[in-house]
Amino acid sequence: LPAAEGLNLCYVASTYSTCSVEEIVAAAPEGPRWFQLYVYRDRKLSEGLVHRAEALGFKALVLTVDVPYTGKRRSDIRNNFRLPPHLKVKNFEGVFENQCGPDNYGVPANTLDPSISWKDIYWLQNLTRLPIIIKGILTKEDAELAVEHGVQGIIVSNHGGRQLDGELATIDALSEIVEAVQGRIEVYIDGGIRTGSDVLKALALGAKCVFIGRPIVWGLAYKVCLQRYLYCPIMNS
């Protein structure tokens, strides 16, 4: 967070972050911040997050629309992934303490609202004055609908390829979306960005900016692995 702030990079804070929105603001109070939002069956959960983000000075909402259900993420199933017990989804701290049963990444299963639709844009517009960015658009038809519903931007995104097997690559979807929008709203992209040349290609195809996530996670994982190697008594004996 301080690194993003120091470079004046826009940081999109996840609903599922293991730091709360309050902790994020405390760590980087001057950095440009957007808040990534899901729509839950209990709309009060989403409303509370929106109000917290707005009060803390977040500059936009990034409504993620491609997860009415969590995809069957085979890598997570194969690796038996569970959120480590020392990590919590801090934005929901205390909310689900009395609920038991299966969960999805620290939140009870079936919490997401599968009925999400375009009318929820109007619900959000009545809830906040923050600009609304739609994340998860991959077709020109949905891009045109986004414009019609008065959002301020689109993130061309396939959820990092984790939501549906065989989904269209975002770089392949970008051109037709840029053409459909015709400059009426801004178009961004994420997913598949590995190198600086990937960024240049996206910008050349009309993206206003590029968001990255996985390369940062890889860097953090590399640092953790390196530290474990350096301080492992067996490896260093």
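About the criteria used
- Residues numbered from 1 in each chain as written.
- Predicted model: local features only at pLDDT ≥ 70, side-chain atom pairs only at ≥ 80, totals over all residues.
- Heavy atoms only, no water.
- Helix = DSSP H or I, 4+ residues; strand = E, 2+ residues; numbered from the N terminus.
- Rg over C-alpha atoms; globule rule 2.2 N^0.38 Å.
- Buried < 20%, exposed > 50% of the residue type's maximum accessible area, 1.4 Å probe, protein only.
- Contact = heavy atoms within 4.5 Å.
- Areas by Shrake-Rupley, 256 points an atom, 1.4 Å probe, with all protein chains shown as cover.
- Lys, Arg positive; Asp, Glu negative; His and termini not counted.
- Charge placed at Lys NZ, Arg CZ, Asp CG, Glu CD.
- Disulfide = S-S within 2.5 Å.
- Pairing = 2+ DSSP bridges.
- Axes fitted to C-alpha atoms, helices over the stretch in contact; angles between N-to-C directions.
- Salt bridge = Lys/Arg side-chain N within 4 Å of Asp/Glu carboxyl O.
- Polar contact = N/O pair within 3.5 Å; in protein donor to acceptor, adjacent residues only side chain to side chain.
- Phe/Tyr/Trp six-rings, centres within 6.5 Å; stacked < 30°, edge-to-face > 60°.
- Lys NZ or Arg CZ within 6 Å of the ring centre and 35° of its normal.

### Details of the overall build of the chain
Then comes step 1: Across its full length, the chain carries 9 helices and 9 strands.
Then comes step 2: Taken against the 2.2 N^0.38 rule, which gives 18 Å for 237 residues, the C-alpha radius of gyration of the chain at 19 Å falls within 12% of a compact globule.
Then comes step 3: Principal-axis analysis of the C-alpha atoms gives the chain an extent of 65 × 45 × 40 Å.
Then comes step 4: Counting the 237 residues in the chain, one finds 37% classified as buried.
Then comes step 5: Long-range pairs, those at least 24 residues apart, make up 63% of the contacts in the chain with a sequence separation of at least 6.
Then comes step 6: Total accessible area on the chain stands at roughly 13700 Å², and carbon and sulfur atoms take up 56% of it.
Then comes step 7: Positive and negative side-chain charges of the chain, numbering 25 and 26 respectively, have mean locations separated by a distance of 5 Å.

### A short note on the state of the cysteines
Then comes step 1: All chains considered together, the criterion is met by 0 disulfides.
Then comes step 2: Cys10 takes part in no disulfide bond, and the closest cysteine sulfur, belonging to Cys209, lies 7.2 Å away.
Then comes step 3: Cys19 takes part in no disulfide bond, and the closest cysteine sulfur, belonging to Cys10, lies 17 Å away.
Then comes step 4: Of the residues examined, Cys19 reaches a relative accessible area of 33% and is grouped as partly exposed.

### Regarding the sheet that holds strand 3 (residues 61–64)
Then comes step 1: The 7 strands lie next to each other as 1-2-3-6-7-8-9, forming an open sheet whose pairing is parallel. Only two strands of the sheet have a single partner each, and these edge strands are strand 1 (11–13) and strand 9 (209–211). Ignoring strand direction, the axes of neighbouring strands in this sheet form an average angle of 30°.
Then comes step 2: Pairing of strand 1 with strand 2 (residues 33–37) involves 3 bridges; the strand directions are parallel. Its bridge partner being in strand 2, Val12 is matched across the sheet by Trp34.
Then comes step 3: Here helix 7 (residues 170–181) sits on the sheet and contacts strand 6 (132–137), strand 7 (153–156) and strand 8 (186–190); the angle it forms with strand 8, its principal contact strand, is near 175°.

### Things to note about the side chain of Arg33
Then comes step 1: With respect to the helices and strands, Arg33 occurs in strand 2.
Then comes step 2: It turns out Arg33 is buried and unbridged, and the closest side chain with the opposite charge, Glu5, is 6.1 Å from it.
Then comes step 3: Here the side chain of Arg33 touches Ala28 through a polar contact of 3.2 Å, landing on its backbone oxygen.
Then comes step 4: For Arg33, the side chain forms a polar contact with the main-chain oxygen of Pro29, separated by 3.3 Å.
Then comes step 5: When neighbours within four sequence positions are excluded, Arg33 is seen to be in contact with Tyr11, Ile24, Val25, Ala28, Leu56, Gly57, Phe58, Lys59 and Ala60.

### Details of the packing of aromatic side chains
Then comes step 1: A full pass over the atoms with the stated rule returns 7 aromatic pairs.
Then comes step 2: A centroid spacing of 5.7 Å and a plane angle of 50° characterise the contact between Trp34 and Phe211, whose relative ring orientation is tilted. Of this pair, Trp34 sits in strand 2 while Phe211 is found in strand 9, placing the two residues 177 residues apart along the sequence. Across the pair, Phe211 and Trp34 agree in class, each one buried.
Then comes step 3: Geometrically, the ring pair formed by Tyr38 and Tyr40 is edge-to-face, given 6.5 Å between the ring centres and 65° between the ring planes.
Then comes step 4: Under the relative-accessibility criterion, Tyr38 is labelled buried at 10%.
Then comes step 5: Between Arg33 and the ring centre of Phe58, over which it is positioned, the NZ or CZ distance is 5.0 Å.
Then comes step 6: The ring of Trp123 carries Arg43 above its face, with NZ or CZ at 4.8 Å from the centroid.

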